[in-house]
Amino acid sequence: MNVLILSVGTRNKIVQYFKKALGDSGKIIATDMSDLAPAVYEADKFYKVPKISADGYIDIIFEICKKENINCVLSLIDPELSLLAKHKEAFSDIGVTVVGSSYELCERALDKMEMFNWLTQNGFPCAKSYTDKELFYKDVENGNITYPVFVKPVCGSASIAISKVYDKETLELLFAHNDNLMIQEFLNGQEIGADVYIDMLSGEVVSVFTKKKLVMRAGETDKAVSFKDEKLFTLIEDFVNRSGWRGQIDIDIFDVDGKYYISEVNPRFGGGYPHAYECGCDHMTMILNNINGHVNIKNIGQYEDGIYMMKYNDICIKKSLNM
Ligand SMILES: Nc1ncnc2c1ncn2[C@@H]1O[C@H](COP(=O)(O)OP(=O)(O)O)[C@@H](O)[C@H]1O
Ligand SMILES: [Mg+2]
């Protein structure tokens, strides 16, 4: 069994965990557009590839799959998830399983307004959201929403260009200088991250790890503590079952006075996943089980609560940039 991990960047741990899960039974091949991406050196072999938006990019990935006898492929960055989903059939034709959700769901995850619409239509608690500021002002007048509010790009990521806004003047200024912004009800509560694995054969949620985010840095969870709540597990299962996610996903949730609000989904391994793995939620092995034709047994909440995670920096030293 050979696994291809695309756009590994700085996700060294993810590559290491896959290597551990695979043992001697296969190889991990990694790609990145830069040979200064440290995680590529954790893999058995590395291919430097063009930008994902370059002409013929996907054909290069197909070629790597054929040459390396790849059995499954996944990506660690958001913009590549839809691309893989779109070519699911073509990958399947060369014996490769795409680990991930459908094209439609990957696109929904990228668009926070689409996600809001789906969540409200399906009755899940979420922050009231607007792209039309006049509609928002009307709701302010009607008392349906109050300042402060949260303003962010509809298709943003990594917490870029997010603001907490206290008045109309600031909001006008932000809208005048940026395209594609949305206004969201400010969720004043505890941020939670969920790392979830949905069996690719049975479609069932088989593993859920939840953590309270204690400190965020540059859009990522820097410090967190694990916890368990059956009510939250049930909400996550219900949400996943109704939307149809597959494989690995990461969900942002807020706990506002005991009520859980779903904020967003990243249908891939999130930056905070190592916390789940180190607490015993080995989703790499679950992926390999699926690729080997084995269904994973549902085992939700199989970890200890109160386990802390603290991130720190590490470095990679290379004399030359060949493997
Ligand atoms: N409605 C909101 N209320 C309060 N904080 C928010 C809200 N939306 C986002 N945030 C904060 O901004 C961060 C980034 O927003 P998010 O919607 O997760 O976008 P992305 O992670 O794609 O940049 C969140 O982790 C959270 O800290
Ligand atoms: Mg987020």
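Residues numbered from 1 in each chain as written. Chains lettered and ligands numbered in written order. Predicted model: local features only at pLDDT ≥ 70, side-chain atom pairs only at ≥ 80, totals over all residues. Heavy atoms only, no water.

Enquirer: For this particular structure, what's the right way to read the overall build of the protein chain?
Expert: Counting its secondary structure elements, the protein chain contains 11 helices and 15 strands. Taking 323 residues into account, the globule formula puts the C-alpha radius of gyration at 20 Å, and the protein chain, at 20 Å, falls close to it. Each principal axis of the C-alpha distribution contributes one length, and for the protein chain these read about 65 × 45 × 40 Å. The proportion of buried residues among the 323 residues of the protein chain is 50%. Look at the contacts in the protein chain between residues 6 or more apart in sequence, and 64% of them connect residues 24 or more apart. (Helix = DSSP H or I, 4+ residues; strand = E, 2+ residues; numbered from the N terminus. Rg over C-alpha atoms; globule rule 2.2 N^0.38 Å. Buried < 20%, exposed > 50% of the residue type's maximum accessible area, 1.4 Å probe, protein only. Contact = heavy atoms within 4.5 Å.)

Enquirer: For this particular structure, what's the right way to read the domain arrangement of the protein chain?
Expert: Taken domain by domain, the protein chain comprises domain 1 (3-98), domain 2 (128-185) and domain 3 (188-310). Relative placement of domain 1 and domain 2: their C-alpha centres are 37 Å apart. (Domains from an automatic or database assignment.)

Enquirer: Got a minute to help me understand the packing of aromatic side chains in this structure?
Expert: Enumeration according to the criterion identifies 16 aromatic pairs in this entry. Ring geometry for Tyr 17 and Tyr 277: centres 3.6 Å apart, planes at 10 degrees, overall stacked. Note that Tyr 17 is positioned in helix α1 (residues 12-22) and Tyr 277 in helix α10 (residues 273-278), a separation of 260 residues in sequence. The class for Tyr 277 is buried, based on a relative accessible area of 13%. Ring centres of Phe 136 and Tyr 147 lie 5.7 Å apart, and the angle between their planes is 90 degrees; on these two criteria the pair is classed as edge-to-face. In this pair, Phe 136 is assigned in helix α7 (residues 133-141) and Tyr 147 in the loop between α7 and β7 (149-153), connecting sequence segments 11 residues apart. In textbook terms, an aromatic cluster arises when at least three aromatic residues are bridged by ring pairs, as seen for Tyr 17, Phe 18, Phe 269, Tyr 273 and Tyr 277. (Phe/Tyr/Trp six-rings, centres within 6.5 Å; stacked < 30°, edge-to-face > 60°.)

Enquirer: Please explain a nonpolar patch on the surface as it appears in this structure.
Expert: Together, Leu 214, Val 215, Tyr 308 and Met 310 give the surface a local cluster of nonpolar side chains, amounting to about 430 Å² of exposed area. Of all the secondary-structure elements, those providing two or more residues to the nonpolar patch are β11 (205-217) and β15 (308-310). One can find Leu 214 in strand β11. (Patch = residues over 30% accessible without salt bridge, like charges linked within 9 Å, V, L, I, M, F, W, Y side chains within 5 Å. Areas by Shrake-Rupley, 256 points an atom, 1.4 Å probe, with all protein chains shown as cover. Salt bridge = Lys/Arg side-chain N within 4 Å of Asp/Glu carboxyl O.)

Enquirer: Please explain the environment of Leu 181 as it appears in this structure.
Expert: Note that Leu 181 resides in strand β9 (residues 181-185). Taking relative accessible area as the criterion, Leu 181 reaches 6% and is therefore assigned buried. Note: C-alpha distance between Leu 181 and Val 96 (85 residues apart in sequence) is 38 Å. Setting aside anything within four residues of it in sequence, one finds Leu 181 in contact with Tyr 130, Thr 131, Val 151, Lys 152, Pro 153, Val 154, Leu 174 and Phe 175.

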